[in-house]
Amino acid sequence: MNLNQKYINEIVAHALKEDLYPRGDITSNLLNNNLKITAKIICNQNAIIAGIKFAKTAFKLIDKKTSFKTKTKDGTKIKKGKIVALIKGKAKSIFKAERVALNFLGLTSGVATKTNSFVSAVKGRNCKICCTRKTLPNLRLLQKYAVKIGGGLNHRFNLSDEYLIKDNHIASSKNIRKIILKAIKNRNKKITVEVDKINQLKTVMGLKFHRILFDNMNTKKLRLAVKLAKKYYETEASGGVTHKNIKKIASTGVSRISIGEITHSAPTIDLKLQI
């Protein structure tokens, strides 16, 4: 997945406006206009770096003459104290963009790092880690990009991408098979059906859709469900996934595990700009 520069420019420009409206950086405006500095972005913890283009764009949108030289690249595992980039230019310009650049870099690296921690936990298993739509509003593309950088897999991007027939759809209609059959008629989209009981699974078995999502099943039930379904459907598990239980979940043979935490609760990576 590649993020185009137009998208990056738009969301970074919006963030800069949030930080500078209505009168700009009144503190940095106290400095001499011709004062030039050299600064470096340093990572204060072990992390997987992601979002360098967002940081660079923040400085360039403020002042295109600012020099931004990367010392690493997205997807690189770096150690605490590693220099991520060197920035040279007018002090005023650098300080105006500093926080926005670090916010984007920290957020994106945080999602990549959190994702990779789960990917590493299931290493050796034929099991992929997926994100969900539990993303920050207006930053879904950024966060899903970060998931990919961290070694994860993207689920659907929005409600138009795939059919995902969930518990509330089923509870509202009272007829799970009828809903699935309607989706099957529109063959241009993949279909996922969510179940939380073995009996529900047996009800839908034989219908021709793509993926079965087992929600909040304990390991014993999940193992049985995967055994019943894996010859016919791609299998996925979700709900209550943590570092403590993910190895047990992966051991059931499920092919995907979706985790909201990697986007909605990923800690921001600690970075700083230092002169």
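Attention here is on the structure that accompanies the text. Going along each chain's sequence as written, the residues are numbered from 1 onward. In keeping with the model being predicted, local features are shown solely for residues with a pLDDT of at least 70 and side-chain atom pairs are shown and tallied solely at 80 or more, while totals for entire chains, interfaces and linings include all residues. Excluding hydrogens and water, the side-chain values take into account all heavy atoms of the structure.

## Considering the sheet that holds strand β9 (residues 211-215)
Item 1. Strand pairing is assigned whenever DSSP detects at least two bridges linking the two strands. Secondary structure follows DSSP: runs of H or I at least 4 residues long count as helices, runs of E at least 2 residues long count as strands, and numbering of each begins at the N terminus. The six strands lie next to each other as β6-β11-β10-β9-β8-β7, forming an open sheet whose pairing is parallel. Strand pairing shows two members of the sheet lacking a second neighbour, β6 (128-130) and β7 (163-165), which therefore form its edges. This sheet shows a mean twist of 25 degrees between the axes of neighbouring strands, independent of strand direction.
Item 2. Where β7 and strand β8 (residues 191-195) come together, three bridges link them in parallel fashion. Looking across to β8, one finds that Ile165 is bridged to Val193. Only C-alpha atoms enter the line fits that serve as axes; for helices the fit covers just the stretch in contact. Angles between N-to-C directions range over 0 to 180 degrees.

## A closer look at the packing of aromatic side chains
Item 1. Pairing of aromatic side chains here covers Phe, Tyr and the six-membered ring of Trp, requires ring centres within 6.5 Å, and sorts the geometry by plane angle: under 30 degrees stacked, over 60 edge-to-face, intermediate tilted. By the definition in use, this model includes four aromatic pairs.
Item 2. Judged by centre distance (5.9 Å) and plane angle (35 degrees), the rings of Phe59 and Phe68 are tilted.
Item 3. Judged by centre distance (6.4 Å) and plane angle (55 degrees), the rings of Tyr232 and Tyr233 are tilted.
Item 4. Working rule: Lys NZ or Arg CZ, within 6 Å of ring centre, within 35 degrees of ring normal, means a charge sits over the ring. Sitting above the plane of the Phe157 ring, Lys144 keeps its charged end 5.3 Å from the centroid.

## Let's talk about the environment of Leu222
Item 1. Tracing the backbone through its elements, the reader meets Leu222 in helix α8 (residues 219-229).
Item 2. Three labels apply to residues, based on accessible area from a 1.4 Å probe with only protein chains included: buried if under 20% of the type maximum, exposed if over 50%, partly exposed otherwise in between. A relative accessible area of 2% places Leu222 in the buried class.
Item 3. In this structure the C-alpha to C-alpha distance between Leu222 and Gly253, which are 31 residues apart in sequence, comes to 9.1 Å.
Item 4. In this description, contact between two residues means that some pair of their heavy atoms is separated by no more than 4.5 Å. In this structure Leu222 touches Phe214, Met217, Ala237, Ile249 and Thr252, once residues within four positions along its chain are discounted.

## Considering helix α1 (residues 5-20)
Note: α-helices contain 3.6 residues per turn, so residues at a spacing of three or four share the same orientation.
Item 1. For α1, spanning 16 residues, the distance from its first C-alpha to its last is 22 Å, which sits close to the expected 22 Å at 1.5 Å a residue.
Item 2. Among the residues of α1, those classed as buried are Tyr7, Ile8, Ile11, Val12, Ala15, Leu16 and Leu20.
Item 3. Next to the buried residues of α1 lie α2 (52-62), α3 (91-121) and α4 (140-149).
Item 4. Pairing of N or O atoms within 3.5 Å defines a polar contact, subject to two protein rules: one partner must be a possible hydrogen donor and the other a possible acceptor, and residues neighboring in sequence count only if both atoms are side-chain atoms. Put simply, Asn4 is the residue that caps the front of α1, since its side-chain oxygen is 3.2 Å from the backbone nitrogen of Lys6. By this rule the span expected of a helix is its residue count minus one, scaled by 1.5 Å.

## So, the packing of α1 against α2
Item 1. One can describe the packing of α1 onto α2 by two numbers: an axis separation of 9 Å at closest approach and a directional angle of 60 degrees. On the basis of their axis angle, the class for α1 and α2 is oblique. Classified by chirality, the crossing of α2 by α1 is right-handed. Contact residues: Gln5, Tyr7, Ile8, Asn9, Ile11, Val12, Ala13, Leu16 and Leu20 in α1; Lys53, Phe54, Thr57, Ala58, Leu61 and Ile62 in α2. Angles below 35 degrees are treated as roughly parallel, those above 145 as roughly antiparallel, those between 65 and 115 as roughly perpendicular, and all remaining angles as oblique. Crossing handedness is read from the near helix: turned anticlockwise from the far helix by less than a right angle, it gives a left-handed crossing, and turned clockwise, a right-handed one.

## Remarks on the sheet that holds strand β5 (residues 83-90)
Item 1. Strand order in the open sheet formed by four strands is β3-β5-β1-β12, and the pairing between neighbours is antiparallel. Edge positions in the open sheet fall to β3 (67-70) and β12 (271-274), since each of these has one partner strand only. Across this sheet, the average inter-strand angle for adjacent strands is 15 degrees, counted without regard to direction.
Item 2. Here strand β1 (residues 36-43) runs beside β12; their pairing, made up of four bridges, is antiparallel. When the bridges of β12 are listed, Cys43 appears paired with Leu271.
Item 3. Contacts from α2 reach β1, β3, β5 and β12, with the element oriented near 165 degrees to β3.
Item 4. Of the strands in this sheet, β1, β5 and β12 touch α3, which is tilted by about 155 degrees from β5.

## Things to note about the pairing of β1
Item 1. Relative to β5, β1 is paired through seven bridges, and the arrangement is antiparallel. Bridge pairing links Ile41 to Ala85 in β5.

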